[in-house]
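# Residue-level structural notes
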Amino acid sequence: MTYVRPAFRHPQLPKNKLGYTISYYEGALSTLCAGCGHDSISAGIVQACYELNIEPHKVAKLSGIGCSSKTPAYFLSNSHGFNSVHGRMPSVATGANLANRNLLYLGISGDGDSASIGMGQFAHVVRRNLNMVYIVMNNGCYGLTKGQDSATADEGSKNKSGNVNLFHSIDLASLAIELGASFVAQSFSGDKTQLVPLIKAAMSHPGFALINVISPCVTFNNNPGSTKSYQFVREHTAMTSKMDFVPEMETISTHYDEGSFATVNMHDGTALLLHKLEKHWNPEDRLSAMTALKKAGARNEVLTGLLFIEPETSDLHEILNTTETPLNQLTEGVLCPGSEKLSALNAGFR
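Anyway, here's the lowdown on the structure attached to this text. (Residues numbered from 1 in each chain as written. Predicted model: local features only at pLDDT ≥ 70, side-chain atom pairs only at ≥ 80, totals over all residues. Heavy atoms only, no water.)

## A look at helix α3 (residues 89-99)
Along α3, the positions that sit buried rather than exposed are M89, P90, A93, T94 and N97. Buried residues of α3, viewed axially, fall in a sector of 135°; they line one side. Residues of α3 that are buried sit in contact with β1 (59-63), β3 (104-110), α5 (119-127), β4 (132-138) and α10 (316-320). (Buried < 20%, exposed > 50% of the residue type's maximum accessible area, 1.4 Å probe, protein only. Helix = DSSP H or I, 4+ residues; strand = E, 2+ residues; numbered from the N terminus. Arc of directions from axis to C-beta. Contact = heavy atoms within 4.5 Å.)

Listed below in structure tokens is the structure:
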């Protein structure tokens with residue numbers, strides 16, 4: 001058995017504006033369980049980067065530990081990558097981002113990696129508004145260690161062993177909104193039509209962008225009684241909106257049924273077209289987004305789609321007023337300007 005992807009591709013595969021076929025954005029063959037929702041998310045990332053004409057060598061993909069954190073090996077093989085220790089991916093991403101602000105930072109995590117051992121790291125990377133896309137592959141269990149309930153497992157849900165979870169779950173989407181995240185979305189790994197536009201929008205957002213993706217574990221948490229199974233999510237999904245991502249300077253024709261519409265203009269000239277399905281929901285109002293989530297939870301529904309966005313926001317570099325030149329490109333003359341500059345600086349504090 002081989003885990004090396006065959007090199008042959010159809011010679012007539014379509015190319016994007018950079019001249020790359022979609023195969024250029026792929027990685028190694030997945031070693032995850034057949035049917036794992038994580039593979040669908042990886043495919044969504046590949047599709048989004050291909051359609052956005054992103055140069056893979058300008059992407060930094062970072063992860064922690066877990067089934068989800070293995071997935072960066074399965075996409076964007078031509079990009080930078082760093083697999084950190086359990087729950088510490090946000091710190092590595094922060095350091096890398098401060099050193100080189102010119103890369104697109106893509107953090108991949110899981111519910112155990114973010115909501116348990118990495119909760120403190122998750123909270124601080126949110127409030128600092130680090131310019132990155134943070135994707136949580138949320139299956140409600142620890143897939144690498146025999147399927148124990150994670151902190152996102154819903155109270156009253158049953159795992160494969162038949163045990164009922166006694167504890168209240170951590171809602172990462174609600175928590176991110178409350179902590180000040182400027183982009184929060186939720187999706188289902190089985191809904192590529194929704195997931196790909198959300199990933200594209202998150203990659204175009206100038207701040208911290210969280211996408212919490214319900215991604216069923218086919219081995220340990222796809223059983224009757226689980227609220228993270230394929231059947232449950234498909235039967236209990238409610239969407240905030242249908243969404244189209246409109247690239248800069250590109251016309252797109254859409255058709256929706258009658259309803260309420262909203263257009264969110266992004267900082268870079270792109271736009272989000274929303275056909276609102278959730279009543280009394282405003283994607284640019286934190287309280288409205290949190291209320292929509294709570295109401296959906298009370299109805300035992302999984303609310304998916306764009307939950308909240310703050311189009312104009314200040315990322316960590318703007319907050320700290322760092323130099324526009326990446327720190328890893330600063331010369332010795334700039335970093336060590338000499339004793340005269342130091343004396344003048346010290347004199348300013350007297």
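## Considering the packing of aromatic side chains
Counted by the stated rule, this structure contains 7 aromatic pairs. Judged by centre distance (6.1 Å) and plane angle (90°), the rings of Y24 and Y25 are edge-to-face. Given the relative accessible area of 31%, Y24 is considered partly exposed. Aromatic pair F188 and Y230: ring centres 6.0 Å apart, planes at 70°, arrangement edge-to-face. A residue pair is termed long-range when its members are at least 10 positions apart, and F188 in strand β7 (residues 183-188) and Y230 in helix α8 (residues 230-235) qualify at 42 residues. You can call F188 buried: its relative accessible area is 6%. (Phe/Tyr/Trp six-rings, centres within 6.5 Å; stacked < 30°, edge-to-face > 60°.)

## Let's talk about the sheet that holds strand β9 (residues 237-239)
Read across the open sheet, the 8 strands follow the order β2-β1-β3-β4-β8-β7-β13-β9; overall the sheet is mixed. Lying at the two open borders of the sheet, with one neighbouring strand each, are β2 (80-83) and β9. Direction aside, neighbouring strands of the sheet carry axes that sit 20° apart on average. Where β3 meets β4, 5 bridges bridge the pair, whose relative direction is parallel. Within β4, the position partnered with I108 by the bridge is I135. Running at roughly 135° to strand β8 (residues 208-214), α5 makes contact with β4 and β8 of the sheet. (Pairing = 2+ DSSP bridges. Axes fitted to C-alpha atoms, helices over the stretch in contact; angles between N-to-C directions.)

## Re the nonpolar core
Within the largest apolar cluster, 34 residues are counted, with the highest numbers of intra-cluster contacts made by I45, L106, I135, F183, M203 and I211. If you tally residues by element for this core, the top one is helix α7 (residues 192-203), at 7 residues. Once residues within four sequence positions are removed from consideration, I211 is found in contact with Y134, I135, V136, F183, A185, L195, L198, I199 and A202. Residues M89, A93, L103 and L210 belong to the second largest nonpolar core, which totals 33 residues. (Core = buried A, V, L, I, M, F, W, Y, C linked by side-chain atoms within 4.5 Å.)

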